[in-house]
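Fold and contact review
One letter stands for each residue in the lines below.
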Amino acid sequence: TPYINIVSLTGNSDVILNSDENKSGREVGINVTANNVYLKGLDCGANSFTVGNYLNTLVCENCIGGDYSFGGAGTASGTFSYCTGGNNSFGGYGTASGTFDYCTGGDYSFGGDEGTTSGTFTNCSGGNNSFGGDGGTASGTFTNCSGGNNSFGGGGAIASTARLYYCRLNSGTFGTPEAGGKLVLCIDGNDAVVTTS
């Protein structure tokens, strides 16, 4: 329900959520469908921290989920801080258009599976094919983020609106951005510094 918050008394990820709900073959720890909600310190373990599409006023802080968490199969458009998800998390199989600070995802995270990353990402890390990887599009602003092979529009596009500042690829190389797209002091998988004009 909107305006109902769930906040850990300690602020740590110590509110454990277990569920036997099964959605698309995945165990769901929590299923958030309401906007205007603040969630802090929730831990779904290996279960999915499921978030509905287009919840732009949702705020999640210091929360943990398994694969397909935080808008994994749809659109992650809220604000996420210090959250951890598994593979295909943070709009992994869709769109990551929100604000993400100090978040960690597995492979195909942050719009990674042919998705779009149009949000703002600061100090986030993803596995292989993250941040618009695997045929996706990196079109947002990325500051001090790291991704695995084929991340940041790898196999897809670094859009003209994309801004990558001090980002790192753990393996592979950055693609060439469309006209207007910028990479500033980024480091590729060969430890080469990449700056585009």
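Residues numbered from 1 in each chain as written. Predicted model: local features only at pLDDT ≥ 70, side-chain atom pairs only at ≥ 80, totals over all residues. Heavy atoms only, no water.

**A short note on the pattern of salt bridges**
Oppositely charged side chains are able to pair whenever their charged atoms sit close together. One pass over the structure, following the stated rule, counts 2 salt bridges. When the shortest N-O distance is used, the salt bridge between glutamate 61 and lysine 40 registers 3.6 Å. Placement of glutamate 61 in strand E8 (residues 59-61) and of lysine 40 in strand E5 (residues 38-40) is noted, with a sequence separation of 21 residues between them. With a relative accessible area of 24%, glutamate 61 lands in the partly exposed category. A salt bridge links arginine 168 to aspartate 191; its shortest N-O distance comes to 2.6 Å. Highlighted residues: arginine 168 in strand E20 (residues 168-169) and aspartate 191 in the loop between strand E22 (186-187) and strand E23 (193-194), separated in sequence by 23 residues. With relative accessibility at 31%, the residue arginine 168 sits in the partly exposed group. Classification of aspartate 191 by relative accessible area gives exposed; the value is 55%. (Salt bridge = Lys/Arg side-chain N within 4 Å of Asp/Glu carboxyl O. Helix = DSSP H or I, 4+ residues; strand = E, 2+ residues; numbered from the N terminus. Buried < 20%, exposed > 50% of the residue type's maximum accessible area, 1.4 Å probe, protein only.)

No statement about biological role is implied by the geometric values presented.
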